[in-house]
Amino acid sequence: MKTKAPTQAKIEVTRDGPYLVSGGLPLSEQWIVTNAEGDSLEYREGVKFPTTPQYALCRCGQSANKPFCDGSHAKVRFNGTETAGHEPYLEQAKTIDGPTLQLTDQDKLCAFARFCDPKGRIWNLVKQTDNPEIEKIVKHEAGHCPAGRLVIRDKATGKAIEPEFTPSLGLIEDTEKKVGGPIWVRGGITIMAADVKAYEIRNRVTLCRCGNSANKPFCDGSHAD
Ligand code: FES
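In this report, the structure presented in the accompanying data block is examined. (Residues numbered from 1 in each chain as written. Predicted model: local features only at pLDDT ≥ 70, side-chain atom pairs only at ≥ 80, totals over all residues. Heavy atoms only, no water.)

## A few points about the sheet that holds strand β3 (residues 27-34)
Heads up, the rule is: Two strands pair under a simple rule: DSSP has to find at least two bridges between them. Helix numbers and strand numbers start at the N terminus; a helix is a DSSP run of H or I with at least 4 residues, a strand a run of E with at least 2. For helices, the fitted axis covers only the stretch in contact; all axes are lines through C-alpha atoms, and the angles between them, taken along N-to-C directions, range from 0 to 180 degrees.
Here we have five strands laid out as an open sheet, ordered β4-β3-β10-β11-β13, and mixed in their pairing. Edge positions in the open sheet fall to β4 (40-49) and β13 (204-207), since each of these has one partner strand only. For this sheet the average axis-to-axis angle between neighbouring strands, irrespective of direction, equals 30 degrees. Sheet topology places β3 next to β4; seven bridges connect them, and they run antiparallel. Counted as the bridge partner of S28 is K48 from β4.

So this is what it looks like as structure tokens:
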């Protein structure tokens, strides 16, 4: 059963500085598992960090004590200006209709985890969901999108089909690209902008931790470049 985020759990984006995490959120590495062709298939949990009530995660990509902030953002004069909009996901997403499922896609949120590519791209596959095998693949691929860029809805009920998460943070590690990916925020955790305005609370989003996203504080896949 899905666990609710503790009411005090939140992430505060600080001006040109780290993410301040409070509420004792668990933090662990989440490695992308690939097949021999390099296709993204699953996640594997790596190092689990001791859970503490509060901690500061590096957002500039320059800390010598990653994933935690060591103050380097000040030395490098990190510009962490937030550029993401506050409009709800559904207002920004495109919709692609299939026979049994509907796909919504907000491409600015792409974290480049590539679960949407194996076995045919999800944008093509969703149009063939009257085939139960393909429907299963589409649900798997959308549900593994860490950023919540891709969301599937059951056309009959209109309900989003979302993975169930214990409120927690994951540090995505991209095995194929050999690079650290974003912070995976799971289970409906509040994220406050530096101007104290909250972003839409979602089941899954990814936050930039390389400092290069053009859609801060969210990841836009820049780490893989
Ligand atoms: S945000 Fe502080 S070292 Fe990166």
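## Examining the pairing of strand β7 (residues 101-105)
As a reminder of what qualifies: Burial classes: relative accessible area under 20% of the type maximum marks a residue as buried, over 50% as exposed, and values in between as partly exposed (1.4 Å probe, protein chains only).
Summarising burial for β7: four of the five residues are buried, a large majority. Sheet analysis places strand β6 (residues 94-97) next to β7, joined by four bridges and oriented antiparallel. Residue pairing for β7: D97 is matched across the bridge by Q102. Where β6 hands over to β7, the hairpin turn is made up of three residues, counted between the paired strands. As judged from the five bridges shared by β7 and strand β8 (residues 150-154), these two strands associate in the antiparallel manner. For Q102, the partnering residue across the bridge sits in β8 and is R153.

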